[in-house]
Amino acid sequence: MNISEILTPERIVIDLAAASKVQLLHRFSESASGALGIDESEIFRALSNRENLGSTGIGEGIAIPHAPMRGIAAPFILFVRLKKPIDFESIDDVPVDIVSFLLTPTEGNASHLNVLAAIARKLRSPETLRSIRAASEPEEVYLALLDEGHAAATE
C-alpha cells in the first residue's frame, strides 16, 4: 500500500506544540473525532490501550501510534512534526518529533500491517527524515513521504 492512498497534505501538521505524550494523544483524538464522527474518548482509549502494551516510539525521534477502530471503513492517518521533541518512552529513549497517527478498521488486520509497514519503510530513510525536519510547509512533508525526501531535498 502506498502512503499516497491514505495521506493528503491536509492531514499533515507541522510545528505542533505538545507538552507530553498524553496531551499529543488527546489532540490527535480530538482531530480524528471531528473527521471521523467517532467519540474522542473512544479514540483516546484505543490509542492509550495500545501504548500500554509498549511504546509505539520506534526510535530516531519517530513514533507511530496506532489502533484498530470500530466504525471506520478505511485507514485514517494524521502526520505530525512537533515544534519541540517530547518523551515518548521510545525504544532508544530519544525524544520524538515525528509522529504518524494511524487508525485502521477492525476488519482486515492485514491492511493494518501493510499500512504500518509502508509508513515505517518511508521513515527509515535518513533523507526522508532530513526533508521532513527541514520542511516549512505540509506539502513538502507530503512530497518527502512520497519520494523518500528527494523532491523536498532538491529545493
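On a predicted model such as this, the values are computed, not experimentally measured, just so you know.

Trainee: Help me understand the overall build of the protein, please; the structure alone is not making it clear to me.
Mentor: Counting its regular elements, the protein contains six helices and six strands. Secondary structure elements in the protein, listed N-terminal to C-terminal, are β-α-α-β-β-β-β-β-α-α-α-α. Taking 155 residues into account, the globule formula puts the C-alpha radius of gyration at 15 Å, and the protein, at 14 Å, falls close to it. By its C-alpha atoms, the protein is 40 × 30 × 25 Å across when sized along the principal axes. Looking at the 155 residues of the protein, the share that counts as buried comes to 50%. Relative to all contacts within the protein whose residues are 6 or more apart in sequence, the contacts with residues 24 or more apart total 65%. As displayed, the protein offers around 7,600 Å² of accessible surface, 51% of which is attributable to carbon and sulfur atoms.

Trainee: So what exactly am I meant to see when it comes to the confidence of the model for the protein here?
Mentor: Close inspection of predicted coordinates is inappropriate for parts of the model with low pLDDT. For the protein, the average pLDDT comes to 90, and 90% of its residues sit at 70 or higher. Mean pLDDT across the secondary structure elements of the protein bottoms out at helix H6 (residues 150-153), with 39, and peaks at strand S3 (residues 62-63), with 97. Every residue in residues 148-155 scores below 50 in pLDDT, and together they form 15 contacts with partners more than four places removed in sequence or on other chains.

Trainee: What exactly am I supposed to notice about the packing of helix H1 (residues 21-36) against helix H2 (residues 40-53) here?
Mentor: To describe two helices that pack against each other, one gives the angle between their axes and the distance between the axes. Two elements in contact, H1 and H2, have axes whose closest approach is 8 Å; the angle formed by their N-to-C orientations is 140 degrees. One element, H1, and the other, H2, form an angle in the oblique class. Handedness of the crossing formed by H1 with H2: right-handed. Contacts between H1 and H2 involve Lys-21, Val-22, Leu-25, His-26, Phe-28, Ser-29, Glu-30, Ala-32 and Ser-33 from the first element and Glu-40, Ile-43, Phe-44, Leu-47, Ser-48 and Glu-51 from the second. Of the residues belonging to the contact of H1 with H2, the class tally is seven nonpolar, four polar and four charged.

What counts, and where the lines are drawn
- Residues numbered from 1 in each chain as written.
- Predicted model: local features only at pLDDT ≥ 70, side-chain atom pairs only at ≥ 80, totals over all residues.
- Heavy atoms only, no water.
- Helix = DSSP H or I, 4+ residues; strand = E, 2+ residues; numbered from the N terminus.
- Rg over C-alpha atoms; globule rule 2.2 N^0.38 Å.
- Buried < 20%, exposed > 50% of the residue type's maximum accessible area, 1.4 Å probe, protein only.
- Contact = heavy atoms within 4.5 Å.
- Areas by Shrake-Rupley, 256 points an atom, 1.4 Å probe, with all protein chains shown as cover.
- pLDDT = per-residue confidence, 0-100.
- Axes fitted to C-alpha atoms, helices over the stretch in contact; angles between N-to-C directions.
- Parallel < 35°, antiparallel > 145°, perpendicular 65-115°, else oblique.
- Left-handed = near helix turned anticlockwise from the far one by under 90°.
- Nonpolar A, V, L, I, M, F, W, Y, C, P; charged D, E, K, R; others polar.

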